[in-house]
Amino acid sequence: MKSGYVALIGKANAGKSTLVNVLVGEKVAIVSPKPQTTRDAIMGIITEPDYQIVFVDTPGIYRAKNALSQMMSKTAETTAKGVDLIVYVHDGHAGLTDSDIELMKRFSEGKIPVIIAYTKIDIMPRENIPADVKRLYEEGVECDVYPVSARKGINLKKLVAAIVDKLPDGGKVIEDDIVSDKSERFMIAEIMREKILLKFDKEIPHGVAIIINTFEKQENGVYDINLDIVCEKSNHKAILIGKQGAALKEVSSFARKDMEKFLGEKVFLTTYVKVKEDWRDRPSLMESFGYGKNKP
């Protein structure tokens, strides 16, 4: 049997979370078209009779602007040092830049083997793929490249086979029937944050943290969930709430439906918006909101 840990590393919005969700077959990480969506290292696990892959989805690598983004970048870098294989996820649709090549070379020149998942090929000209692969080899990036589309399921079996081939022999590292290391409570908070990312523009969603106050299943099977949406500025609070509470009602309804789908039960959701000025640059608040604890 083959088994091991596989880090998904790459720039923000490269498609890492979408890829791990599709490969695992369940939602273990939230997805939005905005960078900085993933803030934690999140495990997604595939267990088959002859192999087990423990994927670790990491925050995107980008230039840090505050203490939270510094922590996120450190999480990605630290995760990449403690795995059996790195899958560098590159957004093929976005093109290939010098900084992309620099990052790929930095990871591929380490002790841990690396393969490249070249994503989003369903929304880009196919003729760009061989040109990019040729350039990578000319620039000294000596990794196998697998063009894939997570949304369309293109070449995913080939990618999984390549991953399994590079994993060490050994028994399962995670118990059967577990698909993620994150709790239901964590995922509920992430679903709320995902819907805010999808609804609101610009800086507001990136300055939001979700605090779960109550997460209880009642005797009738309904989940009672009470949470705070923490933002950084008073004007952000006004936008999140909207006129006569319309925006908050809409995003809460959007989130509740996804929570019910995830939990398989009805949800009674209560949401409040609070302000904590510049919390992303205040380590004590970051830790109280769950960031910076128990990092890999």
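The structure contained in this document is the topic of the report that follows. Computed from a predicted model, the values in this text were never measured in an experiment.

Here we take up the side chain of Glu260. Topologically, Glu260 is positioned in helix H8 (residues 246-263). According to the relative accessible area criterion, Glu260 is buried, its value standing at 16%. Non-local contacts of Glu260, meaning those with residues more than four positions away in its chain, are made with Glu265, Lys266 and Val267.

As a packed pair, helix H6 (residues 184-199) and H8 sit with axes 9 Å apart at the nearest point and diverge in direction by 140°. When the axis of H6 is compared with that of H8, the two are oblique. Judged by the twist between their axes, the crossing of H6 over H8 is right-handed. Here H6 contributes Glu184, Met187, Ile188, Ile191, Met192, Glu194, Lys195, Ile196, Leu198 and Lys199 to the contact with H8, which in turn contributes Ala247, Glu250, Val251, Ser252, Phe254, Ala255, Asp258, Met259, Phe262 and Leu263. Grouping the amino acids of the contact of H6 with H8 by side-chain chemistry returns 13 nonpolar, one polar and six charged.

The next point concerns the pairing of strand S5 (residues 114-119). In summary, the side chains of a regular strand alternate between the two faces of the sheet. Counting buried residues in S5 gives six out of six residues, a clear majority hidden from the surface. The alternating pattern of S5 places Val114, Ile116 and Tyr118 on one face and Ile115, Ala117 and Thr119 on the opposite face, and all of these are buried. Across six bridges, strand S4 (residues 85-91) lies against S5 in parallel orientation. Considered in S5, the bridge of Val87 is made with Ile115. Note that the unit made of S4, helix H3 (residues 98-108) and S5 has a crossover that is right-handed. With three bridges connecting them, S5 and strand S6 (residues 145-147) associate as parallel partners. Looking across to S6, one finds that Ile116 is bridged to Val145.

Turning to the environment of Ile178, a few remarks are in order. With respect to the element layout, Ile178 can be found in the loop between helix H5 (156-166) and H6. Residues Ile178 and Gly44, spaced 134 residues apart in sequence, show a C-alpha to C-alpha distance of 8.6 Å.

Before going further, it helps to examine unusual backbone geometry. Phi is positive for Lys120, close to 65°, though the residue is something other than glycine. Note on placement: Lys120 falls in the loop between S5 and helix H4 (128-138). For Lys120, a relative accessible area of 21% gives the class partly exposed. Phi angles above zero are rare outside glycine, and Asp278 is one such case at about 50°. By the element assignment, Asp278 lies in the loop between strand S9 (267-275) and helix H9 (283-288).

What the six strands build is an open sheet, ordered S2-S3-S1-S4-S5-S6; its pairing is mixed. Looking at strand neighbours, the two that pair on one side only are strand S2 (42-48) and S6, the edges of this open sheet. Recorded for the sheet is a direction-independent mean angle of 25° between the axes of neighbouring strands. Relative to strand S3 (residues 51-57), S2 runs antiparallel, the two sharing seven bridges. For Gly44, the partnering residue across the bridge sits in S3 and is Phe55. With respect to the sheet, H5 is in contact with strand S1 (2-9), S3, S4, S5 and S6, its orientation differing from that of S3 by roughly 105°.

What follows concerns the sheet that holds strand S8 (residues 223-231). Sheet architecture is open: three strands sit in the order S7-S8-S9, paired in mixed fashion. Of all strands in the sheet, those bounded by a partner on one side alone are strand S7 (209-217) and S9. Averaged over all pairs of adjacent strands, the angle between strand axes in this sheet comes to 15°, irrespective of strand direction. In terms of strand pairing, S8 meets S9 through nine bridges, oriented parallel. Its bridge partner lying in S9, Cys231 is registered against Val275. Contacts between H6 and the sheet are confined to S7, S8 and S9, with S7 contributing the most and set at about 130° to the helix. On the sheet, H8 packs against S7, S8 and S9 and is oriented at approximately 135° with respect to S9.

The rules behind each value
Residues numbered from 1 in each chain as written. Predicted model: local features only at pLDDT ≥ 70, side-chain atom pairs only at ≥ 80, totals over all residues. Heavy atoms only, no water. Helix = DSSP H or I, 4+ residues; strand = E, 2+ residues; numbered from the N terminus. Buried < 20%, exposed > 50% of the residue type's maximum accessible area, 1.4 Å probe, protein only. Contact = heavy atoms within 4.5 Å. Axes fitted to C-alpha atoms, helices over the stretch in contact; angles between N-to-C directions. Parallel < 35°, antiparallel > 145°, perpendicular 65-115°, else oblique. Left-handed = near helix turned anticlockwise from the far one by under 90°. Nonpolar A, V, L, I, M, F, W, Y, C, P; charged D, E, K, R; others polar. Pairing = 2+ DSSP bridges. Right-handed = clockwise from strand over helix to strand, strands pointing away.

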